[in-house]
Amino acid sequence: MSDDTLRIDRSAKTLRTLALERMREAIMGFHFQPGERLVERPLCDQLGVSRSVVREVLRQLEAEGLVQMIPGHGPAVAKPDLGRTDEIYELRALLEGIAARTCALSATDAQIASLDAALTNLLDAWASRAPVEVMRATTKFYEALFEAADKRIAWEIVTGLNVRINQLRSMTIASENRREPAIAEMTEIMDAIRSRKPDEAAAAARRHVESAWQIARNTLRLGPP
């Protein structure tokens, strides 16, 4: 990625918001590697914003868990902790399994049609081979899933973890040969929901999370691609 790739255009959004979005995408896309120092002056040049904006962005990313402060060295891209990663995937498997099961039991035909549309968008994103688009479409699918299940508190929990989930998700999406299994797993979840098979839907949702979980564990041990 060239030095000006991160540069943002002026728009109605604040510079801070635009810079924050760009930095999130850069971290999740491995433009900045886990453990890499984030030096203010080069970031100012790359983003085309002031040092005060960069500092605000780094503080926000630290609060989200994407950046950590290294004593004597300053901010750096956070390295996901294996123990915390296990906890995140345990929560995902539990909550997504519950949501999938509830959808199979009680989602309306209209809600299932919305889920089908979200899945189609996700498959299109996978076909584009653009990791950021896959992450966005995946988040939209799960938002529709939890909404159809009327599990609003559960979705609030997931939303609170979404930045960290997406950091891990970026690792699994970038993993070699992940595309076809992921598509098959998501299709299996939808098939079970559509067929009104709650136990199968819950099991398929858990299997999908467990598959991603294993890839994330291996990636954290070996390092990102």
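Named according to an unreviewed UniProt entry, the protein is Gntr domain protein originating from Mesorhizobium amorphae CCNWGS0123.

**Q** An account of the domain arrangement of the protein is needed here, citing residue identities and associated values.
**A** Domain boundaries in the protein define domain 1 (15-77) and domain 2 (82-222). Residue-level contacts link eight residues of domain 1 with ten residues of domain 2. Both sides of the domain 1 and domain 2 interface together cover about 780 Å² of buried area, and 68% of this is carbon and sulfur. Broken down residue by residue, the surface that domain 1 buries against domain 2 is led by E25, M28 and F30, which jointly contribute 58%. Applying the counting rule to domain 1 against domain 2 returns one salt bridge. Among the salt bridges present, the one from R136 reaches E25, with a minimum N-O distance of 2.4 Å. The tally of links from domain 1 across to domain 2 stands at one residue pair in polar contact (both at pLDDT 80 or more). Among the elements that line the side of domain 1 that touches domain 2, the one with the most residues is helix 1 (residues 15-28), at four residues.

**Q** For the pattern of salt bridges, give the residues involved together with the corresponding values.
**A** Here the structure, examined in full by the defined rule, presents 18 salt bridges. Close ionic contact of K140 with E143 constitutes a salt bridge, the shortest N to O distance being 4.0 Å. With K140 and E143 both in helix 6 (residues 131-149) and three residues apart, this pair spans about one turn of that helix. Judged by its relative accessible area of 56%, K140 falls in the exposed class. We classify E143 as partly exposed; its relative accessible area is 32%. Because the salt bridges share partners, they merge into one network encompassing E25, E133 and R136.

**Q** Describe the packing of helix 4 (residues 82-106) against helix 6, naming the residues involved and giving the relevant values.
**A** At a closest axis distance of 8 Å, the pairing of helix 4 and helix 6 adopts a crossing angle of 55°. Put simply, helix 4 runs oblique to helix 6. Judged by the sense of rotation from one axis to the other, the crossing of helix 4 with helix 6 is left-handed. For the pair formed by helix 4 and helix 6, the contact residues are R92, L95, E96, A99, A100, T102 and C103 on the first element and Y142, L145, F146, A148 and A149 on the second. Classifying every residue of the contact of helix 4 with helix 6 by side-chain character gives nine nonpolar, one polar and two charged.

**Q** Any chance you could break down the pairing of strand 2 (residues 74-77) for me, citing the residues and the numbers?
**A** The two faces of the sheet receive side chains in turn, since in a regular strand these alternate between them. Inspection of the sheet shows strand 1 (residues 67-70) paired to strand 2 by four bridges, in the antiparallel sense. Residue pairing for strand 2: V67 is matched across the bridge by V77. Hairpin connection from strand 1 to strand 2: three residues lie between these consecutive antiparallel strands, with G72 at a positive phi of about 85°.

**Q** Pulling in residues and values, what's your account of the packing of helix 5 (residues 109-128) against helix 8 (residues 179-194)?
**A** Helix 8 packs onto helix 5 with a crossing angle of 175° between their chain directions and a minimal axis gap of 11 Å. Viewed along their axes, helix 5 and helix 8 adopt a mutual orientation that is roughly antiparallel. Between helix 5, through I112, L115, D116, L119, L122, L123, W126 and A127, and helix 8, the contact on the second element is made entirely by R179, A182, I183, M186, T187, M190, I193 and R194. Considering only residue class, the contact of helix 5 with helix 8 consists of twelve nonpolar, one polar and three charged.

**Q** Provide a residue-level description of unusual backbone geometry, including the pertinent values.
**A** Of note, D150 is a non-glycine position whose phi angle comes to about 55°, a positive value. Position of D150 among the secondary structure elements: in the loop between helix 6 and helix 7 (152-174). For D150, a relative accessible area of 52% gives the class exposed.

**Q** Pulling in residues and values, what's your account of helix 5?
**A** Spanning 20 residues, helix 5 covers 29 Å between terminal C-alpha atoms, matching the ideal 28 Å at 1.5 Å per step. Where helix 5 is concerned, the buried positions are I112, L115, A118, L119, L122, A125 and W126. Along the axis of helix 5, the buried residues cluster in a sector spanning 125°; they form a single face. Summarising the geometry of helix 5, the exposed residues directed more than 90 degrees from the buried face are D109 and A110. Count one or two residues on from helix 5 and you reach R129, which has phi positive near 60°.

Calculation notes
All residue numbers refer to positions counted from 1 along the written sequence of the respective chain. Per-residue local features are limited, in this predicted model, to residues with pLDDT of at least 70; the limit for side-chain atom pairs, both in listing and counting, is 80 or more; totals at the level of whole chains, interfaces and linings are taken over all residues. Calculated side-chain values reflect all of the structure's heavy atoms, with hydrogen atoms and water omitted. Boundary definitions for the domains trace back to an automatic or database domain assignment. By the convention used here, residues are in contact when the closest approach between their heavy atoms is within 4.5 Å. Throughout, buried area stands for the accessible area (probe radius 1.4 Å) lost by two parts on being put together, summed over both. Between Lys or Arg on one side and Asp or Glu on the other, a salt bridge is scored when a side-chain nitrogen of the former is within 4 Å of a carboxyl oxygen of the latter. Think of a polar contact as two N or O atoms within 3.5 Å of one another; within protein, one of them needs to be a possible hydrogen donor and the other a possible acceptor, and neighboring residues in sequence only count if both atoms come from side chains. The helix and strand labels rest on DSSP assignments: H or I over at least four residues marks a helix, E over at least two residues marks a strand, and numbering proceeds from the N terminus. The classification of residues rests on relative accessible area computed with a 1.4 Å probe and restricted to protein chains. Under 20% of the type maximum is buried, over 50% is exposed, and intermediate values are partly exposed. The axes used here are C-alpha line fits, helices contributing only the stretch in contact, and every angle between their N-to-C directions lies in the interval 0 to 180 degrees. Put simply, angles under 35 degrees are roughly parallel, angles over 145 are roughly antiparallel, angles from 65 to 115 are roughly perpendicular, and the rest are oblique. For any pair of crossing helices, the crossing counts as left-handed if the nearer helix is rotated counterclockwise from the farther one by less than a right angle, and right-handed if it is rotated clockwise. Each residue gets one label: Ala, Val, Leu, Ile, Met, Phe, Trp, Tyr, Cys and Pro are nonpolar, Asp, Glu, Lys and Arg are charged, and the others, such as Gly, are polar. Strand pairing is assigned whenever DSSP identifies at least 2 bridges connecting the two strands. Given the number of residues in a helix, its expected span is that number minus one, multiplied by 1.5 Å. The reported arc concerns the directions from the helix axis to the C-beta atoms and nothing else.

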